[in-house]
Amino acid sequence: MRGTVLYGPGDIRFEERETPKIIEPTDAVLRIAATCVCGSDLWPYRGLQPIDGPTPMGHEYCGFIEEVGRAVKSVKPGQFVVGSFAASDNTCAHCRYGYPSSCEHREFMLRAQAPFLRVPLADGTLVSTPGGVPSDDLVPSLLTASDVLGTGWFAADAANVKPGSTVAVVGDGAVGLLGVLSAKQMGAKPIIAMSRHESRQKLAREFGATDIVTERGDEGVARIKELTNGVGADSVLECVGTQESMMQAINAARKGGYVSYVGVPHDVELNGEMLFFSHVHLHGGPAPVRRYLPELIKLVLNKKINPGKVFDLTLPLDQVAEGYRAMDQRRAIKTQLRP
Ligand SMILES: [Zn+2]
């Protein structure tokens, strides 16, 4: 088979690789129905995160079980499954506390931008769709549950979003947009999206944003204060991972408010005294997507949510290099790839 490999900044190749097979008895091999390019894939693609030689890419996936190891009990060949970007056993203490993305046996998925994928810890990692194989029009939305929706959902959950919460979302990438969708599902109002891009503002509104703030930094914070009676938001979702976005999030929260952070931090440093006087709750990290999968799959299958709308570009898998380019140049919010 051929799969996606990053060789260096801007150098994505779709090239011959070994077809994955069962190695451990707890493995499954999937035939990928759809995969996509993540915002976090752009860090190494842009050379902002070093790579150690040619690196297979992709960690968002859904598809059909092709084969399972002899110890796998919860899924079987032919089933349609969605899995997290982090494989987990779903049995250790961290998993039981609800943090499978910090599982004792965690393995970050790689190699999903390919027609076949080996998934370790299949019983703990994969969730099959109830009611059999879903119709193809639901596949993009099911795919989002694998990471980008699960991460947006965690952003809202970790920021303690409840019915009636005032919410601000920092970041208008796919995760931020699905943070808006998640906050809407959880009953928040108003939902303020921070965005400067017209197409993203439009999607944010479709997903439930009631207000758009185009200003950044101190001006952006001032606008959020204005929109929340001068106090700041109950919940702020930080979906970028830069110093500027983190400070914007902390400063936009009210005293006693909640700030979640789900963008992988790049050179973020927080000052202790600032944190002390900010009086906010902080909760973030790699999203425990596996915890939310059953619920998110159900919401998609019941057509309560349509997160697949974040894919404004769909390409055949062998055109993956163009998929990266389009996101890098911000011509696309998120690229879906179909084998
Ligand atoms: Zn675990």
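Residues numbered from 1 in each chain as written. Predicted model: local features only at pLDDT ≥ 70, side-chain atom pairs only at ≥ 80, totals over all residues.

**Some words on the domain arrangement of the chain**
One frequent convention defines the size of an interface as the accessible area lost when the parts assemble.
(1) Moving on: Here the domain parsing of the chain yields domain 1 (2-147 + 288-338) and domain 2 (150-284).
(2) Moving on: Just the C-alpha atoms count here: the centres of domain 1 and domain 2 sit 26 Å apart.
(3) Moving on: Of the residues lining the interface, 19 residues belong to domain 1; the matching set on domain 2 comes to 16 residues.
(4) Moving on: Elements with a contribution of two residues or more to the side of domain 1 that touches domain 2: helix H4 (139-145) and helix H11 (289-301).
(5) Moving on: Here the side of domain 1 that touches domain 2 gets three residues from one element, more than from any other, and that element is H11.
(6) Moving on: Classifying every residue of the side of domain 1 that touches domain 2 gives 11 nonpolar, five polar and three charged. (Domains from an automatic or database assignment. Contact = placed C-beta atoms within 7 Å. Helix = DSSP H or I, 4+ residues; strand = E, 2+ residues; numbered from the N terminus. Nonpolar A, V, L, I, M, F, W, Y, C, P; charged D, E, K, R; others polar.)

**Structural notes on the packing of helix H5 (residues 148-158) against H11**
(1) Moving on: Relative orientation of the contacting elements H5 and H11 amounts to 100°, with a least axis distance of 9 Å. In terms of their interaxial angle, H5 and H11 are classed as roughly perpendicular. Every residue of H11 that contacts H5 at Leu-149, Gly-150, Thr-151 and Trp-153 is listed here: Val-289, Tyr-292 and Leu-296.
(2) Moving on: Classifying every residue of the contact of H5 with H11 gives five nonpolar, two polar and no charged. (Axes fitted to C-alpha atoms, helices over the stretch in contact; angles between N-to-C directions. Parallel < 35°, antiparallel > 145°, perpendicular 65-115°, else oblique.)

**Observations concerning the pairing of strand E1 (residues 2-8)**
(1) Moving on: In this structure, E1 lies alongside strand E2 (residues 11-16), joined through six bridges in antiparallel fashion. From the neighbouring strand, Gly-3 faces E2, where its bridge partner is Glu-15.
(2) Moving on: The turn joining E1 and E2, which pair antiparallel and follow one another in sequence, is formed by two residues; a positive phi near 70° is taken by Gly-10. (Pairing = 2+ DSSP bridges.)

**Looking at the packing of helix H6 (residues 174-185) against helix H7 (residues 198-207)**
(1) Moving on: Their axes nearest at 8 Å, the elements H6 and H7 cross at an angle of 20°. Relative to H7, the element H6 lies roughly parallel. Remark: the crossing between H6 and H7 carries right-handed chirality. The segment H6 lies against H7, with Leu-177, Val-180, Leu-181 and Lys-184 engaging Arg-200, Leu-203, Ala-204 and Phe-207.
(2) Moving on: Here the contact of H6 with H7 is composed, by residue class, of six nonpolar, no polar and two charged. (Left-handed = near helix turned anticlockwise from the far one by under 90°.)

**Digging into the pairing of strand E17 (residues 313-316)**
(1) Moving on: Note: E17 against strand E18 (residues 335-338), four bridges, orientation parallel. Residue pairing across strands places Pro-316 opposite Arg-338, the latter belonging to E18.
(2) Moving on: Between the parallel elements E17 and E18, the chain passes through helix H12 (residues 320-328) in a crossover that is right-handed. (Right-handed = clockwise from strand over helix to strand, strands pointing away.)

**Here we look at unusual backbone geometry**
Negative phi values dominate among residues other than glycine, just as trans dominates among peptide bonds.
(1) Moving on: Each neighbour pair has its own omega, and for Lys-189 with Pro-190 the value is -5°, a cis peptide bond.
(2) Moving on: Structurally, Pro-190 is set in the loop between H6 and strand E12 (191-194).
(3) Moving on: At His-279, a residue that is not glycine, the phi angle is positive and equals roughly 60°.
(4) Moving on: Here His-279 shows up in the loop between helix H10 (272-278) and strand E16 (281-284).
(5) Moving on: Phi is positive for Lys-303, which is not a glycine, with a value near 55°.
(6) Moving on: Relative to the elements of secondary structure, Lys-303 occurs in the loop between H11 and E17.
(7) Moving on: For Lys-303, a count of 10 C-beta atoms within 10 Å puts it in the exposed group. (Buried ≥ 20, exposed ≤ 12 C-beta atoms within 10 Å, placed from the backbone.)

**Let's talk about the environment of Tyr-292**
(1) Moving on: You can see Tyr-292 is positioned in helix H11.
(2) Moving on: Once residues within four sequence positions are removed from consideration, Tyr-292 is found in contact with Gly-150 and Trp-153.

**Quick look at the sheet that holds strand E13 (residues 211-213)**
(1) Moving on: Strand order across the open sheet formed by six strands is E13-E12-E11-E14-E15-E16, with parallel pairing between neighbours. The open sheet has two edge strands, E13 and E16, and neither has a second partner. Averaged over all pairs of adjacent strands, the angle between their axes in this sheet comes to 20°, without regard to strand direction.
(2) Moving on: Pairing between strand E15 (residues 253-261) and E16: four bridges, direction parallel. Of the residues in E16, the one forming a bridge with Tyr-258 is His-281.

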